[in-house]
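# Architecture and fold: a report
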Amino acid sequence: MKLFVLLFALATPLAAQEIAPSDLDRLPAADVVVIGETHDNPAHHANQARAVGAIQPTALVFEMLTPAQAARTPDDRGDADAMARAYDWAATGWPDFAMYHPIFAAAPLARVYGADVARDDLARAMSDGAAAAFGTDAARFGLDAPLAANDLTARLADQAAAHCDMLPADLLPGMVEAQRLRDAALARAAVQAMVETGGPVAVITGSGHAREDTGVPALLRQAKPSLTVLSIGQIEGPPEGDVPFDLWIVTDGVPGRGNPCAAFGAD
């Protein structure tokens, strides 16, 4: 009964709601499914692999890979160590590839796309704005327009919280522009993947980029309104206030992770 209600809600206007991991086995059809994660949480990657196995996308877009790395995807995706070497994953700074490998293995025929942004481009976004760093098609993804005042205020607050309120205030606008650039790069890769493979496309990214209101789904709907887009967020612990995803899963945090703000010298 629960699954029927879920599918009925998604066949009409989308009813945002919490789901269980078992609901990932039968998701509603969409051209692009953006599946968020907390990067170091193994449960999140297991849920992503479960969703990808059910969707069987023609393309996978990864925030963690550059286009050049994605082009080195081996034909045989059964060997996690070989894939990690092909991507030079150990040099990327992302968590252990063993957590990500099941996502690749869940759709062994899917074409792999990378949407990671070069450091030089991130630096340019922070200094000159996301549109300058993105280049061609910036307007298509809304990067040429300044954010509304209330939107900018909310994003500045999000960036401050994400950095444990330890960053100088004058750095926060640049961080917002870097986030906009990353969102747009993911959306551009998803559009390219949809055009080249016919879809469906699954996007693997941090849950911040999966947000309906400010993330990849919003940019996709602006850039290509004909696309149907489904966002799935994963949250560690019960949410407070409105949840900015079509569907979301609540999980535990990572045992022994410690306080991430310790790196900033915060309690």
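Keep in mind it's a predicted model, so treat the numbers as computed, not measured. (Residues numbered from 1 in each chain as written. Predicted model: local features only at pLDDT ≥ 70, side-chain atom pairs only at ≥ 80, totals over all residues. Heavy atoms only, no water.)

### What about the packing of aromatic side chains?
- Summed over all chains, the structure comprises seven aromatic pairs.
- A centroid spacing of 5.2 Å and a plane angle of 50° characterise the contact between Trp89 and Tyr100, whose relative ring orientation is tilted. Of this pair, Trp89 sits in the loop between helix H4 (80-87) and helix H5 (97-106) while Tyr100 sits in helix H5, and the two are eleven residues apart along the sequence. The pair Trp89 / Tyr100 is uniform in exposure class, with both members buried.
- In textbook terms, an aromatic cluster arises when at least three aromatic residues are bridged by ring pairs, as seen for Phe62, Tyr87, Trp89, Phe97, Tyr100 and Phe104.
- Looking at Arg188, its charged tip hangs above the ring of Phe134, at a distance of 3.9 Å from the centre. (Phe/Tyr/Trp six-rings, centres within 6.5 Å; stacked < 30°, edge-to-face > 60°. Helix = DSSP H or I, 4+ residues; strand = E, 2+ residues; numbered from the N terminus. Buried < 20%, exposed > 50% of the residue type's maximum accessible area, 1.4 Å probe, protein only. Lys NZ or Arg CZ within 6 Å of the ring centre and 35° of its normal.)

### Concerning helix H8 (residues 149-162)
- If you check H8, its first and last C-alpha atoms are 20 Å apart, about what 14 residues at 1.5 Å a residue would give, namely 20 Å.
- On the buried face of H8, the contacting elements are helix H9 (172-197).
- Phi for Cys164, located one or two positions after H8, is positive at around 60°. (Expected span 1.5 Å × (residues − 1). Contact = heavy atoms within 4.5 Å.)

### With respect to the nonpolar core
- One finds Val32, Val61, Leu181, Val201, Val203 and Leu220 to be the most contacted residues of the largest nonpolar core, which totals 39 residues.
- Taken together, the elements giving at least two residues each to this core come down to strand E2 (32-35), strand E3 (59-62), helix H6 (119-128), helix H7 (130-134), H9, strand E5 (201-204), helix H10 (216-223) and strand E6 (229-236).
- Top element by residues in this core is H9. It accounts for eleven residues.
- Once residues lying within four places of it in the same chain are set aside, the contact partners of Leu181 are Val117, Asp121, Leu122, Ala125, Ala130, Ala133 and Phe134.
- In this structure, Ile19, Leu27, Ala70 and Ala107 belong to the second largest nonpolar core, which totals 35 residues. (Core = buried A, V, L, I, M, F, W, Y, C linked by side-chain atoms within 4.5 Å.)

### Description of the pattern of salt bridges
- Counted by the stated rule, this structure contains eleven salt bridges.
- A salt bridge links Asp40 to Arg257, with the nearest nitrogen and oxygen atoms 2.7 Å apart. One end of the pair, Asp40, is in the loop between E2 and helix H2 (42-55); the other, Arg257, is in the segment after strand E7 (247-251), with 217 residues separating them in the sequence.
- Judged by its relative accessible area of 30%, Asp40 is partly exposed.
- Residue Glu236 pairs with Arg257 through a salt bridge whose shortest N-O separation is 2.7 Å. Pair noted here: Glu236 is in strand E6 and Arg257 is in the segment after E7, with a separation of 21 residues, a long-range link. (Salt bridge = Lys/Arg side-chain N within 4 Å of Asp/Glu carboxyl O.)

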